[in-house]
Amino acid sequence: MRKLLVALLALALIGAGCGGSDKKDTGGGNVSKPAAGAKKGGTLTVISQGDVDSLDPGYWYYQYDYMAMQQPTQRMLYGWEPDKTVPSPDIAEGQPEVSDGGKTVTIKLKKGIKYSPPLQNRTVKAADFKYSYERCFLPQVGNGYINTYFGNLEGVKAYTDGKAKEITGLQAPDDNTLVFKTTEPNAVIANANALALPCAVPVPKEYAEKYDKGKQSTYGEHQVFTGPYMIPRKGDKFTGYQAGKRIELVRNPSWDKSTSFQPAFVDKIIFLGGNDATVGSKKILSGDSMINGDLGAPPTNVLKQALSRQKDQIEVTPSQGNRFIGFDSAKKPFDNENLRKAVIAATDREALRLTRGGPTVGNIGSHFLPPGLPGFEEAGGLKAPEGLDFLANPKGDMEVAKKYMKAAGFPSGKYNGPKITMVGDDEEPASNTGEAFLEVLKKLGFNVNYRQIPHETMYSKFCQVPADQPEVCPNLGWGKDFYDAQSMIDPIFNPKNLVPTGNVNYANVKDPEIGKKIEAAKQETDKAKATQMWADLDKELTAKAYLLTWLWDNQVQTKSKNVNGVVSKFNTSWDVTYTSIK
Amino acid sequence: MTAYIIRRLLWVFVLVFVVSLLTFIIFYLLPSADPAVLRAGRQPNPQLVEEIRKNLGLSDPWYVQYFHYLRDIFLHFDFGTSYQNNIAVKQQVMDRFPATASLAAGAAVIWLVSGITVGVISALKSRTFIDRAAMGSALVAISAPVYWLGLVSLYLFSKDIGRFHIFEGSGAYVPLTENPAKWFSGLLLPWLVLAAAFAAFYARLLRGNLIDVMGEDYIRTARAKGLTERRVVFKHGLRSAITPIVTAAGLDIGILLGGAILTETVFNIPGIGRLVFDSLQKSDLPMIQGTVILATFFIVTANLIVDIAYAFLDPRVRY
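Notes on the structure follow. Starting from 1, residues in each chain are numbered consecutively following that chain's sequence as written. Numbering of ligands from 1 and lettering of chains from A proceed in the order in which they are written. Under the rules for a predicted model, residues below a pLDDT of 70 receive no local features and side-chain atom pairs below 80 are neither given nor counted, while totals for whole chains, interfaces and linings still include all residues. As a rule here, side-chain values cover all heavy atoms of the structure and leave hydrogens and water aside.

Digging into the overall build of chain B
Okay, so step 1: Numbering of helices and strands runs from the N terminus, with a helix taken as a DSSP run of H or I at least four residues long and a strand as a DSSP run of E at least two residues long. Along the backbone of chain B there are 14 helices and 0 strands.
Okay, so step 2: Its helices and strands in sequence order give chain B the pattern α-α-α-α-α-α-α-α-α-α-α-α-α-α, from N to C terminus.
Okay, so step 3: C-alpha atoms of chain B, sized along the principal axes, occupy 85 × 55 × 35 Å.
Okay, so step 4: Think of it in three bands: residues with accessible area under 20% of the maximum for their type are buried, residues over 50% are exposed, and the middle band is partly exposed, with areas taken using a 1.4 Å probe on protein chains only. Relative to its full complement of 319 residues, chain B shows a buried share of 47%.
Okay, so step 5: Residue contacts are defined here by distance: any two heavy atoms, one from each residue, within 4.5 Å place the two residues in contact. Taking contacts inside chain B between residues at least 6 apart in sequence as the whole, the part at least 24 apart equals 66%.

Here we look at the overall build of chain A
Okay, so step 1: Along chain A, the regular secondary structure elements total 17 helices and 24 strands.
Okay, so step 2: We take the radius of gyration over the C-alpha atoms and set the globule estimate at 2.2 Å times the residue count to the 0.38 power. Since a compact globule built from 582 residues should have a radius of gyration of about 25 Å, the 24 Å found for chain A is in line with a globular shape.
Okay, so step 3: Dimensions along the principal axes, computed over C-alpha positions, put chain A at roughly 75 × 60 × 40 Å.
Okay, so step 4: For chain A, the proportion of its 582 residues judged to be buried stands at 65%.
Okay, so step 5: Long-range pairs, those at least 24 residues apart, make up 72% of the contacts in chain A between residues at least 6 apart in sequence.
Okay, so step 6: For every accessible area listed, the method is Shrake-Rupley and the probe measures 1.4 Å; residues are considered covered only by the protein chains on display. Element-wise, carbon and sulfur atoms account for 50% of the exposed surface of chain A, whose accessible area totals about 19,500 Å².
Okay, so step 7: Between the mean site of the 72 positive side-chain charges and the mean site of the 66 negative ones, chain A shows a separation of 3 Å. Residues counted as positive are Lys and Arg, residues counted as negative are Asp and Glu, and His and the chain ends are not counted. Here the site of a charge means atom NZ of a Lys, CZ of an Arg, CG of an Asp or CD of a Glu.

Here's the deal with the interface of chain A and chain B
It is common to give the size of an interface as the accessible area that goes away when the parts come together.
Okay, so step 1: With 57 residues of chain A in contact, the opposing surface of chain B contributes 45 residues.
Okay, so step 2: What counts as a salt bridge is simple: a side-chain nitrogen of Lys or Arg found within 4 Å of a carboxyl oxygen of Asp or Glu. There are 2 salt bridges connecting chain A and chain B.
Okay, so step 3: Aspartate 95 of chain B is paired through a salt bridge with lysine 245 of chain A; the nearest N and O atoms lie 3.6 Å apart.
Okay, so step 4: Pairs of N or O atoms are called polar contacts if they sit within 3.5 Å, as long as, within protein, a hydrogen donor faces a hydrogen acceptor (for residues adjacent in sequence, only side-chain-to-side-chain pairs). Seen at the junction of chain A and chain B, the total is 13 residue pairs in polar contact (both at pLDDT 80 or more).

A word on the nonpolar core
Soluble, globular proteins show a tendency: their nonpolar side chains are buried together.
Okay, so step 1: Leu77, Tyr133, Phe150, Phe180, Leu195 and Phe493 of chain A are the most contacted members of the largest nonpolar core, which totals 117 residues.
Okay, so step 2: We define the nonpolar core as a collection of buried residues of types Ala, Val, Leu, Ile, Met, Phe, Trp, Tyr and Cys that are connected through side-chain atoms lying within 4.5 Å of one another. Among the nonpolar cores identified, the runner-up in size contains 62 residues, and Val93, Ala99, Leu154 and Val306 of chain B belong to it.

A few points about the environment of tyrosine 149 of chain A
Okay, so step 1: Counting through the fold element by element, tyrosine 149 of chain A comes out in helix α4 (residues 146–150).
Okay, so step 2: On the basis of relative accessibility, which here comes to 1%, the residue tyrosine 149 of chain A falls in the buried class.
Okay, so step 3: Sequence separation between tyrosine 149 of chain A and tyrosine 131 of chain A is 18 residues, and the spatial gap between their C-alpha atoms is 17 Å.
Okay, so step 4: Setting aside chain neighbours within four positions, we find tyrosine 149 of chain A in contact with Asn186, Val188, Ile189, Ala194, Leu197, Asp481, Phe482, Gln486 and Ser487 of chain A together with Gln43 of chain B.
Okay, so step 5: Of the polar contacts made by the side chain of tyrosine 149 of chain A, one reaches the side chain of aspartate 481 of chain A; its length is 2.6 Å.

Points about the state of the cysteines
Simply put, the disulfide is a covalent bond whose two ends are the sulfur atoms of two cysteines.
Residue and element names in this part refer to chain A.
Okay, so step 1: The term disulfide is used for any two cysteine sulfur atoms that are within 2.5 Å. Under the defined criterion, the tally for this structure stands at 2 disulfides over all chains.
Okay, so step 2: Here cysteine 136 is linked by a disulfide to cysteine 199, with a sulfur-sulfur distance of 2.0 Å. An S-S torsion of about -115° defines the bridge between cysteine 136 and cysteine 199 as left-handed. Remark: cysteine 199 occurs in the loop between α6 (187–190) and α7 (205–208) and cysteine 136 occurs in helix α3 (residues 126–136); sequence separation between them is 63 residues. A single burial state applies to cysteine 136 and to cysteine 199, both of which are buried.
Okay, so step 3: The disulfide partner of cysteine 463 is cysteine 473, and the S-S distance across this bridge is 2.1 Å. Around the S-S axis, the bridge from cysteine 463 to cysteine 473 shows a dihedral of about -105° and counts as left-handed. With cysteine 463 in helix α14 (residues 455–463) and cysteine 473 in strand β19 (residues 472–479), this pair connects stretches of sequence that are 10 residues apart.

Concerning the pattern of salt bridges
Residues and elements named next belong to chain A.
Okay, so step 1: All chains considered together, the criterion is met by 36 salt bridges over all chains.
Okay, so step 2: Glutamate 513 is paired through a salt bridge with lysine 516; the nearest N and O atoms lie 3.4 Å apart. Taken together, the residues span about one helical turn, with glutamate 513 and lysine 516 both in helix α16 (residues 512–523) at a distance of 3 residues.
Okay, so step 3: With relative accessibility at 54%, the residue lysine 516 sits in the exposed group.
Okay, so step 4: Among the salt bridges present, the one from glutamate 540 reaches lysine 544, with a minimum N-O distance of 3.4 Å.
Okay, so step 5: Beyond isolated ion pairs, a larger network of salt bridges with shared partners links Asp490, Lys496, Glu519 and Lys522.

Considering the side chain of threonine 296 of chain B
Residue and element names in this part refer to chain B.
Okay, so step 1: Within the element layout of this structure, threonine 296 appears in helix α14 (residues 285–313).
Okay, so step 2: Accessibility expressed as a relative area gives 11% for threonine 296, which makes it buried.
Okay, so step 3: Side-chain polar atoms of threonine 296 contact the backbone oxygen of valine 292, separated by 2.6 Å.
Okay, so step 4: Excluding anything up to four places from it in sequence, threonine 296 contacts Leu15, Val16 and Val19.

A word on the sheet that holds strand β6 (residues 170–174) of chain A
All names here are of chain A.
Okay, so step 1: Judged by pairing direction, the sheet is antiparallel, and its 4 strands sit side by side in the order β4-β5-β7-β6 without closing on themselves. Every interior strand has two partners, whereas the edge strands, β4 (97–99) and β6, have only one. Recorded for the sheet is a direction-independent mean angle of 20° between the axes of neighbouring strands.
Okay, so step 2: A pair of strands is treated as paired once DSSP finds two or more bridges between them. Here strand β5 (residues 104–108) runs beside strand β7 (residues 177–181); their pairing, made up of 5 bridges, is antiparallel. Within β7, the residue paired with lysine 108 across the bridge is threonine 177.
Okay, so step 3: In this fold α3 packs onto β6 and β7, with an angle of close to 170° to the strand it touches most, β6. Lines fitted to C-alpha atoms define the axes here, with helix axes fitted over just the stretch in contact, and angles between the N-to-C directions of these axes take values from 0 to 180 degrees.

Comments concerning the packing of aromatic side chains
Residues and elements named next belong to chain A.
Okay, so step 1: Each pair of aromatic rings taken from Phe, Tyr and Trp, with Trp reduced to its six-membered ring, is defined by centres within 6.5 Å and is described as stacked if the planes are under 30 degrees apart, edge-to-face if over 60, and tilted in the remaining cases. Across all of its chains, the model carries 38 aromatic pairs over all chains by this definition.
Okay, so step 2: Consider the rings of phenylalanine 390 and tyrosine 404, whose centres lie 5.9 Å apart with planes at 85°: the pair is edge-to-face. Here phenylalanine 390 is found in the loop between β16 (362–364) and α12 (398–407), whereas its partner tyrosine 404 is found in helix α12, with 14 residues between them in sequence. There is no split in this pair, since phenylalanine 390 and tyrosine 404 are both buried.
Okay, so step 3: A centroid spacing of 5.1 Å and a plane angle of 55° characterise the contact between phenylalanine 410 and tyrosine 415, whose relative ring orientation is tilted. We note that phenylalanine 410, like tyrosine 415, is buried.
Okay, so step 4: A connected cluster of aromatic rings, assembled from ring pairs, spans Phe327, Phe334, Phe410, Tyr415, Phe437 and Phe446.

Some remarks on the pairing of strand β17 (residues 420–425) of chain A
Residues and elements named next belong to chain A.
Okay, so step 1: Within β17, 5 of the 6 residues are buried, which leaves it mostly tucked inside the rest of the structure.
Okay, so step 2: Bridging between β17 and strand β18 (residues 448–453) involves 6 bridges; their strand directions are parallel. Each bridged residue has a counterpart across the sheet, and for glycine 424 the counterpart in β18 is glutamine 452.
Okay, so step 3: When the strands point away from the viewer and the connection leading from the first strand across the helix to the second strand turns clockwise, the crossover is called right-handed. Crossover handedness for the path β17 to helix α13 (residues 430–443) to β18: right-handed.

Without other data, these values stay purely geometric and don't point to any function.
Printed below as a string of structure tokens:
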């Protein structure tokens, strides 16, 4: 199961079952900044269910990878201060210099940043970034986003085809200058968003290369750190890591605070995996010096109690992700835009939200971009985009649905064509959402073969395989990679991204005009213009009813009473480098 | 007897081989997800997926993959590397095994001692208040799901989230070699919870068997010969009535050594059960194979031990 929603949504709420406001209530002041006079020292324990996906920075992509590894242990070219929505220079000296019409991006690096032992005398050089990006293209590293955001670097094809030993579009003319050269302008490199993803963790080639050979890279288990914390080691082996059980982080003696924006208050951080969600949440709420890791929202009963008695220990933040229902627009009958609109019009989105717990779990969605992302307001904000009657009523409108059904060629206002297939998740609360949507389809006359199967299988055997894709996938979702609408719209709607397996263009959008507009927005380096272009695309895609976005998720974090928790807006989880013990 | 043991040991290898082959075929032919796609992240590029597949040897025919797998096990005792976190399967299994073994062994001692004691008392005091109370309690214990019982016991008795701070809570497990006292205190509540249902089942089983056996002719003969009741019960009655318990215990312990998923989850004991569960979720074939082979090994070994124990317990059994 795992990967797709894990980005942001696998950690989202599970059935809160309680009322609440859509407004953010921080309980204890501004939780995106450290408390005034935050104390140094102490040990912070992070209660989690699982583990990081890998120790390798080249593989990090998901929320818990950032929380447990990237933020505390590795510095990147650019990083995320918890209260900011634009990347801040970290190892980079300043913002990227863009030239050649957006096709060349030059970054100057800070001097004197050092690696952790055993390379404590080795400073970070521009060549280390060249190697870190190159290794992200290696199959033994298996990075999940490098082709999406760096695929148009000059010389990538020759490198990945094995015809060249290095990527010509990555250059290190001296130790402190890094240059990216792309074949077309690349907005997410120019605005540094993509340079704040973990391929921007420096990797010293002469040390790492031997670990990158073989079937799978083992550099992760031998890596050297640049961040304020590190996993302790004895010789060549980490002593502070036990897969699935425990990650222990101690201070990195090579880290120099004067060059970093991270305060790193606590002395030690222990991530404990394998916890049950109910027991873990209770431990955090009743114990000391604990925060949640990948536990997500406490189960209904615990959350209800906590919201009434321990509100200061609960933090609700928008996840900048969404949940949607996918229609295969390449197959009958969902190739008919009017039929898709009819189904959307008939859907009670409030009822769908209730299947996950009601208002606490997030705002009712209508268009694809979630709150907090550039383009959200321009695309309609919290209201449905204007002029779209099929989205006007969040409780659903059967009259509008019938109108569109008639326009789709069903004069009775009800579907009477062949049976359709819907494949959904078999676990609650997703299964409840699927069942609620089944009722909508039945009301419109659909005869549905509804299969509930394990989460991973749903994706990898059905919803992400166009050849075997059912007409409807009711349990889909997506989360941003960074504060740019590209990371939401490009993967899901760009016809270029249609692939035979692992396909995330769930609606199978093939319209070349949409593709052209997406490519144009990707190349726009002027932020305001790009924002408007993405917002216009969001409106157009919503008007074409490719998907039914029904929820913009919130996430719930928990902490012990004596913890000054700081939430990273970027990662919508606690930032352990800013969190302190009272 | 020696020939029998050797023969059975050979069967252990045959069974482990067959199970590993079946597991391999099932996961090769009917995988719940494509490991290469999972490994390639959420926006997989077809070229990358293909390269990962090739790199992991997933493009080879299944029998070639299986041959490589067996070769690595027999020649290097290498069970491969997890597709998920790149860490050696052997290392992870060995890392987790002590926790599972500690849990299973401690719980087995508790359920055998308490189950046998209660079973014998109930059988000897059959139809009395003590018998009815014991069997009634046993029924409750059998009916209580271990996950629920674990949560309730934590809410009531654990030092961190409980009402009465008596036992260590979840996540309190420490290896025996690190701190024996903490190992014992951290496992006490999980042992009791895990042992509850088993003890109840064993008590009921033994009670029924012992009542039947105590009505046999040879028991009457023993009494007629003037043996003490204690000797009649323990030397003649219990020895015969306990054989089904030995069978059940052998299998149960074998299965538990392959992982007690629910107990390990509730009490956050980092054992094999959690590893199996996580691996299944992630379609991590090398890890699934490794843990299945381990579980099979324990189950067939436990069976072998049970069969050998029969010869000592039951004079009628000869090999």
